[in-house]
Amino acid sequence: MAGAWIRGKAASLEAATAQAAKLLRASRLPLIAGLGADVAGARAAVALAQKIGAVLDHMHSAALMRDLDVMRESGMMMTTPNEARLRADLLLLVGPGLVETWPEIATRLLESPGAKAKRRIVWLCPGQSGGELAARWKMDVVGEDPADLPIMLAILRARCAGHPVGSTAPHLQKIDTLASELPQARFGVAVWSAAQHDALTIEMLCGLVKDLNATTRFSSLPLAPADNAAAVQQVSGWMTGFPVRTGFARGYPEHDPWRFDAVRLVESGEADCALWISAYSPVAPPWKREVPIVALADGLDCFEQPPAVAISVGRPGSDHDSVEYLAATGTLASVAGRARTNAISVADAINGIGAALPTSSPC
Amino acid sequence: MLTRLAGGHVIDPANGRDGIGDVWFCDGRIVVPPANGRADETYDATGMIVMAGAIDIHSHIAGSNENLGRLLLPEQRYAAFSHAGHAPISAGAWNTLETGWLYAAMGFTTVVEPAVLPHHALQAHLELADIPIIDKAALTVLGNDDFLLDLLRRREGGDAVRDYLAWTLATSRGLGIKAVNPGGAAAFKDNIRAFSLDDEVPEYGVSSRAIFKALQHAVQELHLPHPLHLHCNNLGLPGNVETALATIQAAEGLPLHLAHLQFYSYGKEGPRGFSSAASKLAEAVNAAANLTVDVGQVMFGQTVTISADVLRQFNARSGARPRKWIILDGDSNGAGIVPYAYRPNDFYNAVQWAAGLELFLLINDPWRVFFTTDHPNGAPFTAYPDILALLMDRDLRAQWMAKLPKEAMEVTTLPSIAREYTLNEVAIMTRTAPARLLGLKDRGHLGAGAIADIAAYAPVKDKAAMFRKAALVFKTGELVVRNGNVFSQPFGRALNVLPARERAIERRICDYYEDRYGLSADFMNVRDIAIGRPDPFETVPCLS
């Protein structure tokens, strides 16, 4: 559905753009959130944030931040989807949500016609969709309740290190077997989706991977959240020096995962206007408090109240060519529009708003 | 618009200028002075030193590995704010915007990112495109990729290797080819923990020497201006000077560039079994006219080491300060990111610092030794002005040495070296020679027809201060820096080469990607349109 709206009423793109610029200019602390955009859209969003002193956050920051927390607290050993597919002789799938996060996991990771070694695949607490896949692939499953995962991983790590554990530990026998197998792998890979775990669980798993490298090779493949989150994180990294949850209110980038959490900023009343971007899926902001919203989204149906301004944008890689994170390669790559239309891109919509603002910077 | 930069001390070694004079430029190019002597605008450079814009041949400023470093170390940015002046990862140099500003402020106008992995080339070029003011280039990394190793395992002739390099350069938009511990990253995936020149990659039966020789020959046959850019085996290990000397021998007189040589200039002498062997290495470099090197100077302070030498970085992980690190097993090379603090009271770090300066001062041809810190591995590039000052002033070196561990200075020859770089030698090392090394005929000099990339410095007693903040910098004729402050922010381009190749290789590579990865090889392709800026690339001709 192409078009632009001001308070739910159809408007010209020019009028909607001007109104969006007016709202953002009047704001004391604008927020640029959602950030479901291709690389061009993300670059435009960071440039706009810099110009108007806004805060940047992605709709899947919670999951992004959990993996990042572990990485920047203690480091991480990782590999690529290709290496996991071709080289791994042992895949350790951890927890539920893998199929939801990576729908092609069966064809891209599990099926591996070119794989060097006969592979063993073990799934810890796969959850429902994972359980179905595990049954189809006749994988070994250890544990059911994902709530057991933190303790199971702790036991596994302890057993791999040769430490004793209490005999009441869940699934001890199977974990003991696994603990004897992991060091025998030539190149093992642990796979998880951060949407389903807390940071300490991920840290335990990453610690296990590091321990195993004392004698053999083991690595990991954290799966990236949807809505191009991994690419937006990269763009934020190179343009600001920081991941998302970065603000420009002082004229230079500052990063703070708590302070610049979009939902917190709106609920606390600190942010008084939001540019909400969701070009991959029709998703409304998760906060409850009302603030003027400029929505760059795929239609308005998801909004309970019509946003102050809405501009319907094209879906990257479909309505127009884009650069996106590819789960299959773990890299940024060009994606040709599968069904090109005239729908405006996030980048063009943001650049239009930027051009309608006064040129002087706020500081 | 005809512009005259008037009355400066012009140092332009390529054109034999070293004296008071003018530089004229028009529409972004240097021109011969007009007969009537009339300019549309004039900048007074009286008392200033005028040189072409500087060129950095090896600085890790962009790409997925650098970005992982940014994500790993958010605290570096805050550290930078609390140490204004000589800051670690200094005052940023950490995001793309600041990278461009800080380079331009020092009078640099072209910078080469030396380690772009083909599968990640698009991200590297997107990052380069967001670095303002300067022009950029990427060196494409090969030597741990299955396709190449497989060609060598099959003992295929040089044609396939040559065409594969040409194809990879075209898709990744590289200016040259680099190899990083050839075979080492692939061997590490097979749990090999040490890998030297004649060690073989398991399963392929191909030695590191064979890989580097194949790449060196292919680069030569493709007539690439820049020789193979080699990061040798055994980086950082005591006694590794023997590896460097063996590699120099193995070059067999063909052109070869050895990157960050300081990290290979270690002997095993002295009470701690670690010494500088830089004088021995410099002697070998002096004797081998086919060789160029960059130094990779170490400076004291907090930094982060970012390298595609995964094996080396894994082995260095226990030295991480702060204690966190990333090892990424990539599709070819990967990444190892290990934060590190070089400390002046540390014996080993002091030897490293001295060894780098010894190389600068004992390699007697400024056309063959290049100015790098291997940013950020030896130090952030913002430390360049301090290094220039050290090279130009032996008293300053003596002051520094007096504060370092005495036993460290005893295993180097630095205290005995009196040489001081002249401004003319600085201009050769940082301008003229890098342009020649990269095949950039219209850069690095101030002759008619050159791009009007010009830096003017106001001499002060503190040479580091002089080089840190250029008085005037022009990029393609546009004033971009005044008194060290960025004045305007145009966006430059990325330089690449496009050597001729046989088309047959394309079919073969595409089949390989379909077969091995179940993917179209097209995902590696860096297209102009994806960069999001007008006219993002400039093609540099190959040698005829």
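Residues numbered from 1 in each chain as written. Chains lettered and ligands numbered in written order. Predicted model: local features only at pLDDT ≥ 70, side-chain atom pairs only at ≥ 80, totals over all residues.

*Asks:* What is the right way to look at the interface of chain B and chain A in this model?
*Replies:* In many analyses, interface size is given as the accessible surface area lost on bringing the parts together. Residue-level contacts link 36 residues of chain B with 40 residues of chain A. Considering only residue class, the side of chain B that touches chain A consists of 14 nonpolar, eleven polar and eleven charged. (Contact = placed C-beta atoms within 7 Å. Nonpolar A, V, L, I, M, F, W, Y, C, P; charged D, E, K, R; others polar.)

*Asks:* Which parts of the structure should I look at to understand the pairing of strand β21 (residues 454-457) of chain B?
*Replies:* Two faces belong to every sheet, and in a regular strand the side chains alternate between them. Residues and elements named next belong to chain B. Both faces of β21 are covered, namely the face carrying Ile 454 and Ala 456 and the face carrying Ala 455 and Tyr 457. The sheet contact formed by strand β5 (residues 49-52) and β21 spans four bridges and is antiparallel. Paired with Val 50 across the two strands is Ala 456, which belongs to β21. Examined bridge by bridge, β21 and strand β22 (residues 472-475) share three bridges and lie antiparallel to one another. Across the sheet, residue Ala 456 finds its bridge partner in β22, namely Leu 472. (Buried ≥ 20, exposed ≤ 12 C-beta atoms within 10 Å, placed from the backbone. Helix = DSSP H or I, 4+ residues; strand = E, 2+ residues; numbered from the N terminus. Pairing = 2+ DSSP bridges.)

*Asks:* Can you help me understand the confidence of the model for chain B in this one?
*Replies:* Should the pLDDT be low somewhere, the predicted coordinates at that spot are not to be read in detail. Residues and elements named next belong to chain B. Chain-level pLDDT for chain B is 95 on average; 97% of the residues reach the 70-or-more range. Scored below 50 in pLDDT, residues 82-92 makes 29 contacts in the model with residues more than four places away or belonging to other chains. Per the prediction output, this complex has pTM 0.97; the corresponding ipTM is 0.97. (pLDDT = per-residue confidence, 0-100.)

*Asks:* Explanation requested: unusual backbone geometry in the structure shown.
*Replies:* Most peptide bonds adopt trans geometry, and most residues besides glycine take a negative phi value. Residue and element names in this part refer to chain B. For the peptide bond that leads from Arg 321 to Pro 322, omega is -5°, which places it in the cis range. Between His 375 and the following residue, Pro 376, the backbone shows a cis peptide bond with an omega angle of 0°. In this structure, Pro 376 sits in the loop between β20 (369-370) and α13 (384-392). Non-glycine residue Asp 27 carries a positive phi angle of around 50°. With respect to the helices, strands and loops of the structure, Asp 27 is situated in the loop between β2 (17-26) and β3 (29-31). Of the residues examined, Asp 27 has 11 C-beta atoms within 10 Å and is grouped as exposed.

*Asks:* Whenever I open this one, the sheet that holds strand β8 (residues 140-142) of chain A confuses me. Can you help?
*Replies:* Whenever strands of a sheet pair, they do so through backbone hydrogen bonds, lying parallel or antiparallel. Residues and elements named next belong to chain A. Strand order in the open sheet made by the five strands is β8-β7-β6-β9-β10, with parallel pairing throughout. Single-partner strands in this sheet number two, and they are β8 and β10 (217-223). Mean inter-strand twist for the sheet, computed between neighbouring axes without regard to direction, equals 20°. Sheet topology places strand β6 (residues 90-94) next to strand β7 (residues 120-124); five bridges connect them, and they run parallel. In the strand pairing of β7, Leu 91 is matched with Ile 121. (Axes fitted to C-alpha atoms, helices over the stretch in contact; angles between N-to-C directions.)

*Asks:* Just to check I follow, could you spell out the pairing of strand β8 (residues 135-141) of chain B for this structure?
*Replies:* All names here are of chain B. For β8, the buried fraction is high: seven of the seven residues fall into the buried class. Here β8 shows no split at all, with Asp 135, Ala 137, Leu 139 and Val 141 on one side and Lys 136, Ala 138 and Thr 140 on the other all buried. Once you follow strand β7 (residues 108-116) into helix α4 (residues 121-129) and on to β8, the crossover reads as right-handed. Pairing of β8 with strand β25 (residues 494-496) involves two bridges; the strand directions are parallel. Note that in β25 the partner of Lys 136 across the bridge is Ala 494. (Right-handed = clockwise from strand over helix to strand, strands pointing away.)

*Asks:* Help me understand the nonpolar core, please; the structure alone is not making it clear to me.
*Replies:* One recurring pattern in soluble globular proteins: nonpolar side chains tend to sit buried together. Formed by 306 residues in total, the largest nonpolar core has its most connected members in Ile32(A), Leu35(A), Ala45(A), Val191(A), Val50(B), Leu359(B) and Ala456(B). In contact with Leu359(B), other than residues within four places in its own chain, are Leu261(B), Gln262(B), Ser265(B), Ala278(B), Leu281(B), Ala282(B), Val295(B) and Val369(B). (Core = buried A, V, L, I, M, F, W, Y, C linked by C-beta atoms within 7 Å.)

*Asks:* How do you make sense of the packing of helix α5 (residues 146-153) of chain B against helix α6 (residues 158-172) of chain B when you look at a structure like this?
*Replies:* Pairs of packed helices are described in terms of their axes, by the angle between the two and the distance that separates them. All names here are of chain B. It is the contact of α5 with α6, at a shortest axis distance of 10 Å, that shows an interaxial angle of 170°. As judged from the angle between their axes, α5 and α6 are roughly antiparallel. Where α5 approaches α6, its residues Phe 147, Leu 148 and Leu 151 are matched on the opposing element by Ala 160, Val 161 and Tyr 164. Class assignment of the residues belonging to the contact of α5 with α6 gives a composition of six nonpolar, no polar and no charged. (Parallel < 35°, antiparallel > 145°, perpendicular 65-115°, else oblique.)

*Asks:* Honestly, helix α18 (residues 504-517) of chain B in this entry has me stumped. Any pointers?
*Replies:* Within an α-helix, residues lying three or four positions from one another point in the same direction, as the helix has 3.6 residues per turn. The terminal C-alpha atoms of α18(B) lie 20 Å apart, and with 14 residues this matches the ideal 20 Å at 1.5 Å per residue to within 8%. After α18(B) finishes, the residue Gly518(B) shows a positive phi value of roughly 65°. (Expected span 1.5 Å × (residues − 1).)

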